[in-house]
Amino acid sequence: YKQQNISLTILAFIIKALAYLLKQEPYFNSHLSDDQKSVLLRNEIHIGIAVATEDGLTVPVLRHPDALSIKEIAIQLGELSQKARDKKLKPQDLQGASFTVTSLGSIGGTAFTPLVNWPQVAILGISPASMQPVWNGKKFKPRLMLPLSLSYDHRVINGADAARFSYLLTQLLADIRKILL
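Everything numeric here is computed off the predicted structure, so don't read it as measured data. (Residues numbered from 1 in each chain as written. Predicted model: local features only at pLDDT ≥ 70, side-chain atom pairs only at ≥ 80, totals over all residues. Heavy atoms only, no water.)

> Give me the environment of Ser127: which residues, what numbers.
Note that Ser127 resides in the loop between β8 (122-126) and β9 (130-135). Taking the C-alpha atoms as reference, Ser127 lies 7.9 Å from Ser149; in sequence the two are 22 residues apart. (Helix = DSSP H or I, 4+ residues; strand = E, 2+ residues; numbered from the N terminus.)

Next comes the structure, spelled out in structure tokens:
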């Protein structure tokens, strides 16, 4: 992909796993109605991607990642990010997200609490991955750890469902082949 000038990062794999999981867990892909009395389940998956720019965070929308390959997701992530930094996003590029992903990326840090972008009901925060010693019952072994922070609206999603969603996401990311094959 580098020879084709495509930046393939862990984010493309996370987006693909999220798109798969959002189909299985539709309440995470829903919106709270304007009157905040009902939940609107979304049929389509559109993921907002927070991009740091000189003017602050901008959140362009990656549409239909469930129908895209990892390569196509990586290409669109690169294009959306560049358009955001160049201030070339159109209004439609910023509308219609059903779920958002934000990442500390190169900023650093170990965890954070992302705020849900209303009317969405959930957002995933990604902290930088790092090698950590993990006890396997006999000794410590190095393991790549990727801290994730899931924030959600308790009016729609309860803690048990959020814990299950997070667990299922980690299982998909541990072996992404499950959804790519």
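> Could you give an account of the pattern of salt bridges, with specific residues and numbers?
A complete count under the given rule lists seven salt bridges for this structure. Between Lys23 and Asp66 there is a salt bridge, and its shortest N-O distance comes to 3.3 Å. Taken together, the positions of Lys23 in helix α1 (residues 10-24) and Asp66 in the loop between β6 (61-63) and α2 (70-85) put the pair 43 residues apart, joining distant regions of the chain. For Lys23, a relative accessible area of 53% translates into the label exposed. Residue class for Asp66 comes out partly exposed when judged on its relative accessible area of 26%. The partner of Arg155 in a salt bridge is Asp153, with the nearest N and O atoms 2.7 Å apart. Taken together, the shared-partner salt bridges in this structure form one network comprising Glu25, Asp161 and Arg164. (Salt bridge = Lys/Arg side-chain N within 4 Å of Asp/Glu carboxyl O. Buried < 20%, exposed > 50% of the residue type's maximum accessible area, 1.4 Å probe, protein only.)

> Can you explain α2? Please cite residues and give values.
In this model, α2 (16 residues) spans 22 Å end to end at C-alpha, consistent with the 22 Å of a helix rising 1.5 Å per residue. Every buried residue of α2 is listed here: Ile70, Ile73, Ala74, Leu77, Leu80, Ser81 and Ala84. What you see down the axis of α2 is that its buried residues fit within an arc of 135 degrees, all on one side. On its buried side, α2 packs onto α1, β3 (46-49), β4 (51-53), β5 (56-58), β6 and α4 (177-180). One or two residues past the end of α2 sits Lys87, with phi positive at roughly 60 degrees. (Expected span 1.5 Å × (residues − 1). Arc of directions from axis to C-beta. Contact = heavy atoms within 4.5 Å.)

> Quick one: what's the story with a nonpolar patch on the surface, residue by residue and with numbers?
A cluster of nonpolar side chains, contributed by Tyr27, Val39 and Leu41, occupies part of the molecular surface with about 260 Å² of accessible area. Relative to the helices and strands, Leu41 resides in strand β2 (residues 39-41). (Patch = residues over 30% accessible without salt bridge, like charges linked within 9 Å, V, L, I, M, F, W, Y side chains within 5 Å. Areas by Shrake-Rupley, 256 points an atom, 1.4 Å probe, with all protein chains shown as cover.)

> Account for the packing of α1 against helix α3 (residues 159-174), naming residues and giving values.
Across the interface, α1 lies against α3 with an axial gap of 10 Å and an inter-helix angle of 130 degrees. Judged on the interaxial angle alone, α3 and α1 are oblique. The chirality of how α1 crosses α3 is right-handed. Counting all contacts with α1, which are made through Phe13, Ile14, Ala17, Leu18, Tyr20, Leu21 and Leu22, the residues of α3 involved are Phe165, Leu168, Leu169, Leu172 and Leu173. For the contact of α1 with α3, the per-class residue count stands at twelve nonpolar, no polar and no charged. (Axes fitted to C-alpha atoms, helices over the stretch in contact; angles between N-to-C directions. Parallel < 35°, antiparallel > 145°, perpendicular 65-115°, else oblique. Left-handed = near helix turned anticlockwise from the far one by under 90°. Nonpolar A, V, L, I, M, F, W, Y, C, P; charged D, E, K, R; others polar.)

> Run through the nonpolar core, naming residues and quoting values.
Of all hydrophobic cores here, the largest spans 40 residues; its most connected members are Ile15, Leu18, Ile49, Phe99 and Val101. Residue assignment for this core shows that the elements contributing at least two residues are α1, β3, α2, β7 (99-103), β8 and α3. Sorting elements by how many residues they give to this core places α1 first, with nine residues. Once residues lying within four places of it in the same chain are set aside, the contact partners of Val101 are Leu11, Ile15, Leu18, Ile47, Gly48, Ile49, Ala50, Leu124 and Ile126. (Core = buried A, V, L, I, M, F, W, Y, C linked by side-chain atoms within 4.5 Å.)

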